[in-house]
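Report on the structure
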Amino acid sequence: MDKIGVIGAGTMGNGIAHVSALSGFNTVLLDIKDEFVVQGLDKIRNNLERQVKKEKISQLDMDNSLNRIMITIDYNNLSDCDIVVEAAI
């Protein structure tokens, strides 16, 4: 498995995307509005920064994780995912 899709960028969805990317998987984070996926990615970034400050992960781990996440509102970007998790209402 190489690529994981997550539908829903709220609390649960961005948490799943965070763990997925940190675990080394390319991750697609999808929601219905650009502002939702941007907010989700910002939350992931903040959580990763907190992990760096607590020395749980390195700055390189954070950077690599963020580079593995693609945000989108287009369901077609999920077509090559090995698994898709729905975390939306």
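Residues numbered from 1 in each chain as written. Predicted model: local features only at pLDDT ≥ 70, side-chain atom pairs only at ≥ 80, totals over all residues. Heavy atoms only, no water.

Section: the packing of helix α1 (residues 11-22) against helix α2 (residues 34-53)
- Viewed as axis vectors pointing N to C, α1 and α2 meet at an angle of 55 degrees, and their least axial separation amounts to 9 Å. Classed by the angle they form, the pair α1 and α2 counts as oblique. The way α1 lies across α2 gives a crossing that is right-handed. Between α1 and α2, the residues in contact are Asn14, Ala17, His18 and Leu22 and Gly40, Lys43, Ile44, Asn47, Leu48 and Gln51, respectively. (Axes fitted to C-alpha atoms, helices over the stretch in contact; angles between N-to-C directions. Helix = DSSP H or I, 4+ residues; strand = E, 2+ residues; numbered from the N terminus. Parallel < 35°, antiparallel > 145°, perpendicular 65-115°, else oblique. Left-handed = near helix turned anticlockwise from the far one by under 90°. Contact = heavy atoms within 4.5 Å.)

Some details on unusual backbone geometry
- One non-glycine residue with positive phi stands out, namely Glu55, at about 60 degrees.
- With respect to the helices and strands, the residue Glu55 is situated in the loop between α2 and α3 (59-67).

Here's the deal with a positive patch on the surface
- On the surface, a cluster of positive charge is contributed by Lys43, Arg50, Lys54 and Lys56.
- Considering the arrangement of structural elements, one finds Lys43 in helix α2.
- Judged by its relative accessible area of 43%, Lys43 falls in the partly exposed class. (Patch = residues over 30% accessible without salt bridge, like charges linked within 9 Å, V, L, I, M, F, W, Y side chains within 5 Å. Areas by Shrake-Rupley, 256 points an atom, 1.4 Å probe, with all protein chains shown as cover. Salt bridge = Lys/Arg side-chain N within 4 Å of Asp/Glu carboxyl O. Lys, Arg positive; Asp, Glu negative; His and termini not counted. Charge placed at Lys NZ, Arg CZ, Asp CG, Glu CD. Buried < 20%, exposed > 50% of the residue type's maximum accessible area, 1.4 Å probe, protein only.)

A closer look at the side chain of Thr72
- Inspection of the secondary structure puts Thr72 in strand β3 (residues 69-72).
- Among all residues touching Thr72, those that are not within four sequence positions of it are Val28, Leu29, Leu30, Asp31, Val37 and Asn77.

Observations concerning the sheet that holds strand β2 (residues 26-30)
- Spatially, four strands are ordered β3-β2-β1-β4 in an open sheet, and the strand pairing comes out parallel. Pairing within the sheet leaves two strands with one partner each, and these edge strands are β3 and β4 (83-86). Direction aside, the axes of adjacent strands within the sheet are offset by 20 degrees on average.
- Sheet topology places strand β1 (residues 3-7) next to β4; four bridges connect them, and they run parallel. (Pairing = 2+ DSSP bridges.)

With respect to the nonpolar core
- Leu29, Ile44, Leu48, Met62, Leu66 and Ile69 are the most contacted members of the largest nonpolar core, which totals 15 residues.
- By residue number, the principal contributor to this core is α2, which donates five residues.
- Residues Ile7, Val28, Leu30 and Leu78 belong to the second largest nonpolar core, which totals five residues. (Core = buried A, V, L, I, M, F, W, Y, C linked by side-chain atoms within 4.5 Å.)

Thoughts on α3
- Among the residues of α3, Met62, Ser65 and Leu66 are the ones counted as buried. Projection of α3 onto a plane perpendicular to its axis shows the buried side chains occupying an angular sector of 95 degrees, all on one side. Across α3 from its buried face, at more than 90 degrees, point the exposed residues Leu60 and Asn67.
- Where the residues of α3 are buried, they touch α1, α2 and β3. (Arc of directions from axis to C-beta.)

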